[in-house]
Amino acid sequence: MTLASIDAIEGVKRPRIAIEAVTPTVDGGRFPVKTIVGRDLVVEADVFADGHEVLKADVLWRPLGGEWRRSPMAYVINDRWRGILTPDAIGRHEFVVEAWWDDFGTFRRDLTKKREAGLDVRLETDEGLLLLEGIAAQAPADAARTLADFILAARAADVPTRVAELLSPEAHAAAVAADPRAFASRSEIFGVEVERVQAEFASWYELFPRSESGDPTKHGAFRDVVKRLPMIRDMGFDVLYFPPIHPIGTSNRKGPNNTLTPGPTDVGSPYAIGSPEGGHDALHPELGSIEDFRALVQAAKEHGLEIALDFAIQCSPDHPWLKEHPGWFKWRPDGSMKYAENPPKKYQDIVNVDFYGPDAVPGLWIGLRDVVLFWASEGVKTFRVDNPHTKPFPFWEWMIAEVKAKHPDAIFLSEAFTRPKVMYRLAKVGYSQSYTYFTWRNTKHEMAEYLTELTTTAPKDFFRPHFFVNTPDINPYFLQTSGRPGFLIRAALATTLSGLWGMYNGFEICESAPLPGKEEYLDSEKYEIRIRNWNQPGNIISEITRLNRIRKQNPALQTHLGVTFYNCFDDQILLYGKSRPKADGTGVEDMILTFVSLDPHGEKHAAYEIPLWEFGLPDDGTVAVEDLMRGNRFTLTGKSQWIYVNPAEMPFHVWRLTNLPGASA
């Protein structure tokens, strides 16, 4: 056998059908796409072959190790095909696009054309029956019998009857059931991470348990947090997040306002994890016992809340690991340890682990994984991870996969305020959610540009933005000078632009006193116990409660995806909508239209365009409007309208638009 004949034989085995440009994928399939259980995932691909034969394509999907399921793909335009898969369980899935020659479909197409042209198709009917015989020969027994009966009856008929039978729906159905899928080709396999709804839609409330005693001289405990659960629930939150709740070291303990001169009663920073009482899998003794923690988790569950914990990979110099596993840390030439720093910031009360130290692999990696697994076994399935961008990507990819193998409902939130590509990589390797630049996007252009990036470019398939309005580390400059209207502005933006939003307690009472010249809180709770009066005048609890209720009642607000920005002719009024499509796919069921004035100090009047076209209405059409914050209803006629926003009252509007009853779209 010659070399040329060997090459030809190999060439014949190559796919005859091209399957290209499959979407959605992440980095060509290196990482999984993210979706939510029960949601349709639209898959598209370019599918084409030589010649003019009719092609068919399916999208196949399965949970890892499971059985393949099929969903047909439909031709769209220009060799582009589209199909839908709908995963009904959480966990890692995979999908593939398969395409093949539809031999009988090609025959039916050509027979129809010849019949319509008035040609003699006697021979074509014989060819069609022979084709069906070939299909039947490869078919399972039941399908083969159905085809055999059909062929026998058709052969006994006259030519016109044969043609009618060969073009009948019954013949088509029988051929589809037995189709051998000639020249079948498959794309490569792509991953899909299917997560529970809370990975994309949740409202987070952050507090320090030690501040819940009601007495600034008394350390709070888990039982004190239980008393606060009804209030947090009633505001509409569903995740209660704690900074670290572990023992705190005494070496280089921080005093009030991050000073290095603590008094004997100063509580220190909870991020200085570890003392002789234990490390990451232990509880601060003044918070309570593990039984107290379990009681809190159960009580939270009964109030419709889940507990989220902070996973901070750093240690106080007093952490037991320094003695038990010195090879997990870097030591300086003089035998001392270098405390953590992010110049010019210094963190004298903590030291960092060395992920690639002499004894770190696999010991440190396993030890950190087991910390997360321990808390997961205690009923905690949501983890906010501190500064993950300063730890290795391979560690996160491995660790998150290990945890999800045992707890597929686990959710990881990345607290990474860093470069965009680093934040996106963390999402790719496994993080369900991420903090974002939302905190520093204040102008109309900045906000629209950022949301457009998140919802229309590559990150839409793997990155879920979590819009925290403040954190213990970040007292935004905007809030320091904007007063109560500024807090309402940021709450409105966060709750209506993203399915995920969060606030650190104190936001609801417009707490904003800064350290002079810094984006930090004066008398920060990171270093001391803070007692607050939640009912103080000027609080925005009722507005937050209403916004959370609106989110839960309107599916369009339960994701960051699907936002569209519309024309409002004032540089400080942001106008955007999120639509809910009709079940039959013929148009818009309703739309949440939000106006937010970005100026907390002055009244605004502006012309804007009501998006009638989204409802299929002409420029002089009419829509029904429900003001979801104020509770009133009215109609608007005509595309050109006028809006008034008064920050002293409420610096935003949230409307629900619907077609008038009986109106045609």
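Residues numbered from 1 in each chain as written. Predicted model: local features only at pLDDT ≥ 70, side-chain atom pairs only at ≥ 80, totals over all residues. Heavy atoms only, no water.

- Labelled according to an unreviewed UniProt entry, the protein appears under the name Alpha-1,4-glucan:maltose-1-phosphate maltosyltransferase, originating from Methylopila capsulata.
- Here is the UniProt Sequence similarities (unreviewed entry) comment for the protein, exactly as written: "Belongs to the glycosyl hydrolase 13 family. GlgE subfamily."
- Check the Subunit (unreviewed entry) section of the UniProt entry for the protein; it says "Homodimer." (UniProt positions renumbered as here; feature names shortened; annotations may be inferred.)

**Overview of the packing of aromatic side chains**
Then, number 1: This model, assessed by the stated rule, comprises 38 aromatic pairs.
Then, number 2: Ring geometry for Phe95 versus Phe190: centroids 5.5 Å apart, planes at 35°, classification tilted. With Phe95 in strand E8 (residues 91-101) and Phe190 in strand E10 (residues 190-195), this residue pair connects regions lying 95 residues apart in the sequence.
Then, number 3: By relative accessible area, Phe95 is classed as buried at 0%.
Then, number 4: Relative accessible area serves as the criterion here: at 6%, Phe190 is assigned to the buried category.
Then, number 5: Ring geometry for Phe417 versus Tyr435: centroids 5.2 Å apart, planes at 90°, classification edge-to-face. (Phe/Tyr/Trp six-rings, centres within 6.5 Å; stacked < 30°, edge-to-face > 60°. Helix = DSSP H or I, 4+ residues; strand = E, 2+ residues; numbered from the N terminus. Buried < 20%, exposed > 50% of the residue type's maximum accessible area, 1.4 Å probe, protein only.)

**Quick word on the sheet that holds strand E6 (residues 74-77)**
The strands that make up a sheet pair up through hydrogen bonds in the backbone, lying either parallel or antiparallel.
Then, number 1: The strand order across the open sheet built from 4 strands is E1-E3-E7-E6, with neighbouring strands paired in antiparallel fashion. Two strands in the sheet have a free side with no partner beyond their single neighbour: strand E1 (17-23) and E6. Across the sheet, the mean angle separating the axes of adjacent strands is 35° when strand polarity is ignored.
Then, number 2: When E6 meets strand E7 (residues 80-85), the two strands line up antiparallel, connected through 3 bridges. (Pairing = 2+ DSSP bridges. Axes fitted to C-alpha atoms, helices over the stretch in contact; angles between N-to-C directions.)

**Focus on the pattern of salt bridges**
Then, number 1: Per the stated rule, a full pass over the model turns up 50 salt bridges.
Then, number 2: Of the charged contacts in the structure, one is a salt bridge between Arg464 and Glu200, with a shortest N-O distance of 3.8 Å. Of this pair, Arg464 sits in the loop between helix H13 (444-456) and strand E19 (465-468) while Glu200 sits in the loop between E10 and strand E11 (202-206), and the two are 264 residues apart along the sequence.
Then, number 3: Overall, the relative accessible area of 4% leaves Arg464 in the buried class.
Then, number 4: Taking the relative accessible area as the measure of exposure, Glu200 reaches 5% and is therefore buried.
Then, number 5: Notably, a salt bridge pairs Glu543 with Arg484, separated by 2.8 Å at the nearest N-O pair. Separated by 59 residues along the polypeptide, Glu543 in helix H15 (residues 541-553) and Arg484 in helix H14 (residues 477-497) bring together distant segments of the chain.
Then, number 6: Its relative accessible area of 10% is what places Glu543 among the buried residues.
Then, number 7: In the salt-bridge network here, residues are joined through shared partners; they are Arg39, Arg92, Glu193, Glu195, Glu200, Lys404 and Arg464. (Salt bridge = Lys/Arg side-chain N within 4 Å of Asp/Glu carboxyl O.)

**Points about the UniProt feature "site: Transition state stabilizer" (unreviewed entry) in the protein**
Then, number 1: As annotated by UniProt and renumbered to match this structure, "site: Transition state stabilizer" (unreviewed entry) occupies Asp473.
Then, number 2: Looking at where Asp473 falls in the secondary structure, it is placed in the loop between E19 and H14.
Then, number 3: Setting aside residues up to four positions removed in sequence, Asp473 forms contacts with Arg384, Glu415, Glu519, Glu520 and Lys526. (Contact = heavy atoms within 4.5 Å.)

**What to know about empty space enclosed by the protein**
Then, number 1: By the definition in use, this model includes 4 cavities of 30 Å³ or more.
Then, number 2: Forming the boundary of the largest cavity are Phe208, Pro209, Arg210, His219, Pro243, Pro244, Ile245, His246, Ile248, Pro270, His284 and Leu287.
Then, number 3: Across the lining of the largest cavity, the residue classes break down as 8 nonpolar, 3 polar and 1 charged.
Then, number 4: By volume, the second largest cavity amounts to about 70 Å³. (1 Å grid on protein atoms, 1.4 Å probe; cavity = no way out; pocket = protein on both sides within 12 Å on 5 of 7 lines; lining within 4 Å. Points joined across faces, edges and corners; volume = space filled by probe spheres on them. Nonpolar A, V, L, I, M, F, W, Y, C, P; charged D, E, K, R; others polar.)

**Comments concerning the layout of surface pockets**
Then, number 1: By volume, the largest pocket amounts to about 1,100 Å³.
Then, number 2: In terms of lining residues, the largest pocket is bounded by 34 residues, among which Asn342, Lys345, Tyr347, Asn387 and Asp473 are the most central.
Then, number 3: Going through the elements one at a time, strand E14 (340-342) and strand E15 (345-347) are the ones with two or more residues in the lining of the largest pocket.
Then, number 4: The residue makeup of the lining of the largest pocket, split by class, is 11 nonpolar, 10 polar and 13 charged.

**Here we look at the UniProt feature "binding site: alpha-maltose 1-phosphate" (unreviewed entry) in the protein**
Then, number 1: Per the UniProt annotation, the sites labelled "binding site: alpha-maltose 1-phosphate" (unreviewed entry) are Lys254, Gln314, Asp349, Asn387, Lys526 and Tyr527. Checked against the lining of the largest pocket, the annotated residues reduce to Lys254, Gln314, Asp349, Asn387, Lys526 and Tyr527.
Then, number 2: With respect to the element layout, Gln314 can be found in the loop between strand E13 (306-311) and helix H9 (320-324).
Then, number 3: Classification of Gln314 as buried rests on a relative accessible area of 5%.
Then, number 4: Ignoring anything within four residues of it in the chain, the contact list for Gln314 reads Tyr271, Ile273, His280, Ile350, Val351, Asn352 and Asp386.
Then, number 5: At a separation of 3.2 Å, a polar atom in the side chain of Gln314 contacts the main-chain carbonyl oxygen of Tyr271.
Then, number 6: Mapped onto the elements of the fold, Lys526 is located in the loop between strand E20 (500-504) and H15. (Polar contact = N/O pair within 3.5 Å; in protein donor to acceptor, adjacent residues only side chain to side chain.)

**Quick notes on the nonpolar core**
Then, number 1: By size, the foremost hydrophobic cluster in this structure holds 125 residues, and its most contacted members are Trp396, Phe412 and Leu493.
Then, number 2: For this core, the element with the most residues is H14, which contributes 10 residues.
Then, number 3: Ignoring sequence-local partners within four residues, the contact set of Leu493 consists of Phe438, Met447, Ser498, Leu574, Tyr576, Val596 and Leu598.
Then, number 4: Grouped together as the second largest cluster of nonpolar side chains are 23 residues, Val121, Leu129, Ala154 and Leu166 included. (Core = buried A, V, L, I, M, F, W, Y, C linked by side-chain atoms within 4.5 Å.)

**Structural notes on unusual backbone geometry**
Backbone phi values are negative for most residues with the exception of glycine, while trans is the configuration of most peptide bonds.
Then, number 1: A cis geometry characterises the amide bond from Thr23 onward to Pro24, with omega recorded as 0°.
Then, number 2: Looking at the secondary structure, you find Pro24 in the loop between E1 and strand E2 (33-36).
Then, number 3: Omega for the peptide link from Val361 to Pro362 comes to 10°, which places this bond in the cis form.
Then, number 4: One can find Pro362 in the loop between E15 and helix H10 (363-377).
Then, number 5: Despite not being glycine, Asn258 shows a phi value in the positive range, around 70°.
Then, number 6: Looking at where Asn258 falls in the secondary structure, it is placed in the loop between strand E12 (239-242) and helix H8 (290-302).
Then, number 7: Residue Asn258 is classed as partly exposed on the basis of its relative accessible area, which comes to 32%.

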